[in-house]
Every structure is written in C-alpha cells, then in structure tokens.
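Listed below, chain by chain, are the residues.
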Amino acid sequence: MAKVKFLKENVEIDVPENVNLRDFCLENDLKLYLFPENVVNCRGKGFCQLCRIKVDNPEKLSPPTEKEICTVGFEGPQYRLACQCSIAENCELQIITRPRRIWGWREHPVYQGLIKEEEKAFGF
Ligand code: FES
C-alpha cells in the first residue's frame with residue numbers, strides 16, 4: 001500500500017500496489033479528466049495522452065511502457081500516463097493530475113512562467 005497525495009484535489013489516499021492508476025483514479029472520483037476529455041479519451045489504450053500525470057518520485061512506479069516512452073517520454077521521467085502505470089512498491093508519492101503541457105510553446109516566456117507557477121505551487 002502506498003500513501004499517495006493528489007495535490008490538485010488535496011487528498012491523500014492509500015493506493016494498493018500494482019493497481020492501474022487510471023482505474024484507481026476513476027473509481028475514487030479523482031479528476032483525471034475534465035470535460036470533454038472525460039468523454040473523448042482512448043479508455044486506457046495509451047495513445048490519447050489525456051491521462052497525463054506528473055509524479056514527484058517516478059522510480060516508485062512501474063517502468064515506463066513503450067507507449068509512454070513514445071508519447072510523454074520526451075517531457076521527462078516525471079510525466080507518465082496513468083493508464084499505463086501502477087505503483088510498484090510501498091512508498092509515499094505526490095501526483096499532479098492534468099499537469100501543464102510543456103511542449104509546443106514551452107520556450108515562450110509566458111508559458112515558462114505558467115510552468116514555473118505550477119512547479120512553485122506544488123513543489124516539483
Ligand atoms: S487514457 Fe488515453 S492515454 Fe491514457
């Protein structure tokens with residue numbers, strides 16, 4: 001059992017090991033998607049990227065799948081797809097659901113400010 005703090009939702013929940021994080025979030029009413037993503041997503045197939053999460057301690061999760069490497073891999077190890085990962089061991093973890101995207105406009109100063117704002121708010 002891992003103690004997971006979902007920072008945007010401000011809740012701390014015990015998450016069993018080896019349970020798919022997308023399934024866990026949906027079962028526990030954690031806002032992994034907002035409208036319209038809650039309707040239009042790939043249902044855990046690993047290609048829409050709408051279930052992106054950011055974790056403070058990525059090595060505590062299952063190893064990244066090929067789909068994660070191909071989709072969010074370039075953003076860094078902290079970015080994962082909830083539908084493709086589970087918690088691998090007993091630990092404490094912090095998760096940001098729906099983190100800001102860092103591709104596309106990432107070099108733009110305004111966007112950099114928004115990313116830094118989120119990092120400052122949540123500490124990573
Ligand atoms: S639900 Fe589509 S990538 Fe995870």
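Up top is the structure these notes are about.
Residues numbered from 1 in each chain as written. Predicted model: local features only at pLDDT ≥ 70, side-chain atom pairs only at ≥ 80, totals over all residues. Heavy atoms only, no water.

(A) How the structure looks around the pairing of strand 2 (residues 11-15). Pairing analysis gives five bridges linking strand 1 (residues 2-6) to strand 2, with the strands arranged antiparallel. When the bridges of strand 2 are listed, Ala2 appears paired with Val15. Between the end of strand 1 and the start of strand 2, which pair antiparallel, lie four residues, with Asn10 showing a positive phi angle near 55°. (Pairing = 2+ DSSP bridges. Helix = DSSP H or I, 4+ residues; strand = E, 2+ residues; numbered from the N terminus.)

(B) Region of interest: unusual backbone geometry. Cis geometry marks the peptide bond from Phe35 to Pro36; its omega dihedral reads 5°. The topology assignment puts Pro36 in the loop between helix 1 (21-27) and strand 3 (52-55). Positive phi, close to 55°, is recorded for Asn10, a residue that is not glycine. Inspection of the secondary structure assignment puts Asn10 in the loop between strand 1 and strand 2.

(C) Seen up close, the sheet that holds strand 1. Strand order in the open sheet formed by five strands is 2-1-5-3-4, with mixed pairing between adjacent strands. One side of each edge strand has no neighbouring strand; the edge strands of this open sheet are strand 2 and strand 4 (79-81). On average, adjacent strands in this sheet sit at an angle of 35° to one another, irrespective of strand direction. (Axes fitted to C-alpha atoms, helices over the stretch in contact; angles between N-to-C directions.)

(D) Seen up close, the state of the cysteines. Summed over all chains, the structure comprises zero disulfides. Unpaired in terms of disulfides, Cys85 finds its nearest cysteine sulfur in Cys51, a separation of 7.8 Å. Since its relative accessible area comes to 2%, Cys85 is described here as buried. (Disulfide = S-S within 2.5 Å. Buried < 20%, exposed > 50% of the residue type's maximum accessible area, 1.4 Å probe, protein only.)

(E) Representation of the pattern of salt bridges in the model. Tallying each qualifying case throughout the model produces eight salt bridges. Across the pair Glu118 and Lys8 runs a salt bridge whose closest N-O atoms are separated by 3.7 Å. Placement of the pair is Glu118 in helix 3 (residues 109-122) and Lys8 in the loop between strand 1 and strand 2, with a sequence separation of 110 residues. Here Arg22 ties to Asp23 by a salt bridge, and the two come within 4.0 Å at their closest N and O atoms. (Salt bridge = Lys/Arg side-chain N within 4 Å of Asp/Glu carboxyl O.)

(F) Layout of the side chain of Ser86. Within the secondary structure, Ser86 is located in the loop between strand 4 and strand 5 (92-97). Those residues in contact with Ser86, other than ones at most four positions away along the chain, are Asn18, Val19, Asn20, Leu21, Leu61 and Ser62. (Contact = heavy atoms within 4.5 Å.)

(G) Expanded view of the nonpolar core. Val4, Leu21, Ile53, Ile87 and Ile95 are the most contacted members of the largest nonpolar core, which totals 25 residues. Residue assignment for this core shows that the elements contributing at least two residues are strand 1, strand 2, helix 1, strand 3, strand 4 and strand 5. (Core = buried A, V, L, I, M, F, W, Y, C linked by side-chain atoms within 4.5 Å.)

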